[in-house]
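Chains, contacts and geometry: an overview
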Amino acid sequence: MRSEFVQQGKTRWFHLAGFERRLGKRPAQAFFAFVNGLLSISLLAALAMWRDQPLIFPSLGPTAFLLFYTPLAPGASPRNTLFGHLIAVFCGYGSLVLFGLTDDGPALMTGITEARVGATALSLAATAGLMVLFSVEHPPAGATTLIVSLGILRHPRELVSLMAAVVLLCIQGWVINRLAGIPYPLWRARPPKQANSEPAQPPAGSVP
C-alpha cells in the first residue's frame, strides 16, 4: 500500500501515467530517483563551489537515495537524517580528540596508524550505538563518522558546513517529495498502522 501511494505521487508530479503504463512502475521510480538525486546534489555542489565550503561529501549520496527512493521509511525522515549525521560528527570528532589526531592530516596522506585504527573503530561503534539508543537510525551516518575520524573533514568549521549541507538536503527532500504528492514527514516518520490484535469473534450460533 505505501509503495503504491508513493509511486502514485511521483506519477502525478512528473505526469508519467503514460510512461508508467508502457514500462511499469520501476522505470518511474528510477526516473524520480535519478532526476531528484541529480537536482539535489547538483545544487549542493554548485553552492559548495560558490561558497568554497565543504557542502558536498560522500555520505550525502546514500542520504539522497533514501530521501528520494524510500522517503516514508523512518531512516529517511528529517529527524533521523539530522540526528544521525549530528551524532556521527560528534563521535568522529570526539575520537580524533581522544586519540590526539585533530592536527593530523587525512589518513590517505598520513597512512593508517594505531591511533587511527582506534579512532575509526570507536567513532563507528559509538555512532551505531547512539543511533540505536536514541532511535534515530540513519545508515549513511556511518560513512559520515568515518569521513571525520579518517581526517577527511576534521576542522570545526568544516563540520559546521557538513551539517549545513545535511539541513539543506533535508529541506530539498521535503519540498520535492511534497510537490510529488508524497506525505513526507515534517519531522519524524509516521508510525505504521497497528493491525487489530483482538481475535475475531465467531458468529453467533456457530460451533467452536
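Scroll up for the structure.
Residues numbered from 1 in each chain as written. Predicted model: local features only at pLDDT ≥ 70, side-chain atom pairs only at ≥ 80, totals over all residues. Heavy atoms only, no water.

Of the regular secondary structure elements, the chain holds nine helices and zero strands. In the chain, the succession of helices and strands from N to C terminus is α-α-α-α-α-α-α-α-α. Counting every position in the chain, which comprises 208 residues, the buried fraction comes to 42%. Split by element, the accessible area of the chain, about 11,800 Å² in all, is 69% carbon and sulfur. (Helix = DSSP H or I, 4+ residues; strand = E, 2+ residues; numbered from the N terminus. Buried < 20%, exposed > 50% of the residue type's maximum accessible area, 1.4 Å probe, protein only. Areas by Shrake-Rupley, 256 points an atom, 1.4 Å probe, with all protein chains shown as cover.)

Grouped together as the largest cluster of nonpolar side chains are 31 residues, with contacts concentrated most on F57, L60, L162 and V166. In terms of residue count, the dominant contributor to this core is helix α9 (residues 156–179) (eight residues). Filtering out sequence-adjacent residues up to four positions away, L60 remains in contact with I41, L44, L55, A165, V166 and L169. Core analysis: the second largest hydrophobic core is formed by six residues, I87, A88, C91 and V136 among them. (Core = buried A, V, L, I, M, F, W, Y, C linked by side-chain atoms within 4.5 Å. Contact = heavy atoms within 4.5 Å.)

A grouping of F83, L86, F90, V167, L168, I171, W174, V175, L179, L186 and W187 is seen on the molecular surface, where their side chains present a nonpolar patch of about 1,000 Å² in accessible area. Put simply, the parts of the chain that give the nonpolar patch at least two residues each are α5 (78–98) and α9. Ranked by residue count, the leading element in the nonpolar patch is α9, at six residues. Along the polypeptide, I171 turns up in helix α9. On the accessibility criterion, I171 (46% relative accessible area) is partly exposed. (Patch = residues over 30% accessible without salt bridge, like charges linked within 9 Å, V, L, I, M, F, W, Y side chains within 5 Å. Salt bridge = Lys/Arg side-chain N within 4 Å of Asp/Glu carboxyl O.)

This part covers the side chain of T145. Mapping T145 onto the fold places it in helix α8 (residues 141–149). Exposure remark for T145: the relative accessible area of 0% places this residue in the buried category. Of note is the side chain of T145, whose polar atom sits 3.0 Å from the backbone oxygen of A88. Among the polar contacts listed, one links the side chain of T145 to the backbone nitrogen of G92, at a separation of 3.3 Å. Filtering out sequence-adjacent residues up to four positions away, T145 remains in contact with A88, C91, G92, S123, L124 and T127. (Polar contact = N/O pair within 3.5 Å; in protein donor to acceptor, adjacent residues only side chain to side chain.)

Here we take up the packing of aromatic side chains. Throughout the structure, instances matching the rule amount to three aromatic pairs. Taken together, a centroid distance of 5.7 Å and an interplanar angle of 80° make the contact between F83 and W187 edge-to-face. Within this pair, whereas F83 is found in helix α5, its partner W187 is found in the segment after α9, the two being separated by 104 residues in sequence. Residue classification places W187 among the partly exposed positions, given a relative accessible area of 38%. (Phe/Tyr/Trp six-rings, centres within 6.5 Å; stacked < 30°, edge-to-face > 60°.)

This next bit is on unusual backbone geometry. Even without a glycine there, the phi angle at D52 is positive, about 55°. Positive phi is not limited to glycine here, since S135 has a value of about 55°. Note on placement: S135 falls in the loop between α7 (114–133) and α8.

The next thing to look at is α8. Structurally, the α-helix is built with 3.6 residues per turn, so residues lying three or four positions apart point the same way. Counting buried positions along α8 yields seven of nine residues, so the element is predominantly enclosed. All buried positions along α8 are accounted for by A141, G142, T144, T145, I147, V148 and S149. After α8 finishes, the residue G151 shows a positive phi value of roughly 85°.

Further remarks concern the packing of helix α3 (residues 25–51) against helix α4 (residues 60–69). Closest axis-to-axis distance for the α3/α4 pair is 9 Å, and the angle between their directions is 135°. It follows that α3 is oblique to α4 by the angle criterion. When the axes of α3 and α4 are compared, the crossing they make is right-handed. For the pair formed by α3 and α4, the contact residues are R26, Q29, F32, A33, N36, G37, S40, I41 and L44 on the first element and L60, A64, F68 and Y69 on the second. Class assignment of the residues belonging to the contact of α3 with α4 gives a composition of eight nonpolar, four polar and one charged. (Axes fitted to C-alpha atoms, helices over the stretch in contact; angles between N-to-C directions. Parallel < 35°, antiparallel > 145°, perpendicular 65-115°, else oblique. Left-handed = near helix turned anticlockwise from the far one by under 90°. Nonpolar A, V, L, I, M, F, W, Y, C, P; charged D, E, K, R; others polar.)

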